[in-house]
Amino acid sequence: MIVDHHPEELWSIEKPQLPKRSRLYHLPPVGIGTPFIESLTSYIARLAESHSVLPSVLISKEITPYLKKVFAKRLSSRRLRALFDRARALNGTGDIAMDFVQALETLTLRSDLCFLTLRSCASVIPPRGLFRPYKAWCPACYQKWRLSRQVVYEPLLWVIETIKVCPQHQQPLCLYCPHCHKQPPLLEWHSRSGYCSICGKWLGSVFDSFACSTLSPEDLKKEIWVADSIGELITAVHSLSSPLLRENVAKGMCAAINLATKGNIAAFASLLGIPKNTLWMWHTGKALPQLNALLRICYRLEISLLDFLTPEKMVAKSLKLSLQESTQRSHNKRVSPKPFDSNKVEEALQATLASDEKPPLTMKEVAERLEYNRRTISQHFPDLCRAISAKSLRYRKAAQEKKIEQSCEQVRQIALKLHIENVYPSEGRVSQLMTKPGDLRNKKVRATLQELQSELSR
């Protein structure tokens, strides 16, 4: 049977609603919801590669106009250099990370890029010492991804300073390129995941000991636990029923002290080798422990970092102290302080002062060797302690001055070389050829380049 349709039923003159188009590719991040989630610096490098441009071009031409912060609104060559020098902040907990996340989400129309940073942990983890300024990588991971044709990228785990090993391959992360023996920066003008940004060589390998440091079995076990614990936190933060709050740290510390030493702060501090005043600041919420200190406490108490930051879980668990002292004492007996051997300490301080060891020991290192509190030693021998500190300070100042002079000389050589090649020695060009581009931020090194620029332009 043939059915006749009215013409208006077959077509419409209304303009169809097209979905919104993103300015940049809707590139999905790698590892969402896993411990190996991608870092934001890695995502920027991959996004640039997917558009066949350098990261420097992507940032200066596309991302910059969408940034809200004044520091990056007009990215000259110098300011772009400064941004690369502090690229670790892009993966962090502060405003710079959030500014880049919002700009990239606007450009790509994605809504999950905040998970590529530790912004969700800003309330419980202070930023100091959180990230390393240079790349760290597992060559076995790179090689595996390349051979299996998976995406080569840099996980957020690898940029965290505390992480020393790959939890998958249980081997130390590499810090130096095996080809040019330099430390590739975290993000550079022409960064590419899996390759050295200095010499351009591939960083993957099938060898477990490839350009990596070695660890003892006990240290390796601890570092694997650290990586797993941070990975668990990274995986869980975006699925927690409530956000991580600053007071969680104080609550977790209070729960740990109550379970371990019946609320005795001094005993808990003694067991863990932490100054009592420092622990009191953490316990009351007046200060936050750095990530490495928090992990040290969790490792000694055999609890995960995630459980510590969610105190209701920690209270429900039976807390087992892995401290030998705790098995030899009752909860009602106070811990006796170590007796102070005045003669032994004085001899050690005089020997340290007369020693030719380089670099000279600091008072902190001397106190650790003697296994005494630094303040206690200073109270008994203030003059010797001041002399040791002054000796260490003089050495560090001299070493720093020597380093600056070497950088100045390197700048002179690079500038003259560029001048001979009829290339203007701009900061950007000179920094690309420096062994440590960050040294150009030093006033004396920069002044040396500026003087050379003036002389060579006459």
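Residues numbered from 1 in each chain as written. Predicted model: local features only at pLDDT ≥ 70, side-chain atom pairs only at ≥ 80, totals over all residues. Heavy atoms only, no water.

A. The overall build of the chain, seen in detail. Within the chain one finds 20 helices and two strands. Taking all 458 residues of the chain together, 44% fall into the buried category. For the chain, contacts bridging at least 24 residues in sequence account for 69% of all contacts bridging at least 6. Surface accessibility of the chain: about 25600 Å² in total, with carbon and sulfur atoms responsible for 52%. (Helix = DSSP H or I, 4+ residues; strand = E, 2+ residues; numbered from the N terminus. Buried < 20%, exposed > 50% of the residue type's maximum accessible area, 1.4 Å probe, protein only. Contact = heavy atoms within 4.5 Å. Areas by Shrake-Rupley, 256 points an atom, 1.4 Å probe, with all protein chains shown as cover.)

B. Structural view of a nonpolar patch on the surface. Among the surface-exposed residues, Val53, Leu54 and Val57 lie close enough to one another that they form a single nonpolar patch of about 200 Å² accessible area. Mapped onto the elements of the fold, valine 57 is located in helix H3 (residues 55-63). (Patch = residues over 30% accessible without salt bridge, like charges linked within 9 Å, V, L, I, M, F, W, Y side chains within 5 Å. Salt bridge = Lys/Arg side-chain N within 4 Å of Asp/Glu carboxyl O.)

C. Main features of the environment of arginine 375. Tracing the backbone through its elements, the reader meets arginine 375 in helix H17 (residues 374-380). Its relative accessible area of 59% is what places arginine 375 among the exposed residues. Residues arginine 375 and cysteine 385 lie ten residues apart in sequence; the distance between their C-alpha atoms is 9.9 Å.

D. Representation of the confidence of the model for the chain in the model. Of all residues in the chain, 86% attain a pLDDT of 70 or more, and the chain-wide mean is 83. Confidence drops under pLDDT 50 across residues 207-211; counting only partners more than four residues distant or on other chains, this segment forms twelve contacts. In the predicted structure, residues 318-333 sits below a pLDDT of 50 and forms 26 contacts with residues beyond four places in sequence or in another chain. (pLDDT = per-residue confidence, 0-100.)

E. Structural view of the nonpolar core. The biggest cluster of nonpolar side chains holds 91 residues, and the ones touching the most others in it are Phe100, Trp158 and Ile230. Look past the residues within four positions of tryptophan 158 in its chain and what remains in contact with it is Phe36, Arg132, Ala136, Trp137, Cys138, Cys141, Tyr142, Trp145, Tyr153 and Leu173. (Core = buried A, V, L, I, M, F, W, Y, C linked by side-chain atoms within 4.5 Å.)

F. Quick peek at helix H6 (residues 139-147). Of the positions making up H6, those classed as buried are Pro139, Ala140, Cys141, Tyr142, Gln143 and Trp145. The inward-facing, buried residues of H6 abut helix H7 (156-159), strand S1 (165-166) and strand S2 (171-172). Positive phi appears at arginine 149, one or two residues downstream of H6, with a value of about 60°.

G. Geometry of the side chain of aspartate 439. Along the chain, the position of aspartate 439 falls in the loop between helix H19 (427-433) and helix H20 (443-456). There is no salt bridge for the buried aspartate 439, and the closest opposite charge comes from lysine 403, which lies 4.0 Å off by N-O distance. At 2.9 Å, the side chain of aspartate 439 forms a polar contact with the side chain of serine 407. If we skip the residues at most four places from it in the chain, aspartate 439 touches Lys403, Ser407, Met434 and Val445. (Lys, Arg positive; Asp, Glu negative; His and termini not counted. Polar contact = N/O pair within 3.5 Å; in protein donor to acceptor, adjacent residues only side chain to side chain.)

H. Representation of the packing of aromatic side chains in the model. Counted under the stated rule, the structure contains nine aromatic pairs. With a centroid separation of 5.5 Å and an interplanar angle of 85°, the aromatic rings of tyrosine 142 and tryptophan 158 are classed as edge-to-face. Note that tyrosine 142 is positioned in helix H6 and tryptophan 158 in helix H7, a separation of 16 residues in sequence. Judged by its relative accessible area of 0%, tyrosine 142 is buried. Relative to tyrosine 299, the ring of tryptophan 225 has its centre 5.2 Å away and its plane inclined at 65°; by these criteria the two rings are edge-to-face. Of this pair, tryptophan 225 sits in helix H8 (residues 217-236) while tyrosine 299 sits in helix H12 (residues 291-301), and the two are 74 residues apart along the sequence. Take tryptophan 225: its relative accessible area is 22%, and that puts it in the partly exposed class. (Phe/Tyr/Trp six-rings, centres within 6.5 Å; stacked < 30°, edge-to-face > 60°.)

I. Quick peek at the pattern of salt bridges. For the structure on display, the rule yields twelve salt bridges. The partner of glutamate 62 in a salt bridge is arginine 23, and the shortest N-O contact between them spans 2.6 Å. In this pair, glutamate 62 is assigned in helix H3 and arginine 23 in the loop between helix H1 (7-10) and helix H2 (40-50), connecting sequence segments 39 residues apart. Lysine 417 is the partner of glutamate 421 in a salt bridge, and the nearest nitrogen-oxygen pair spans 2.9 Å.

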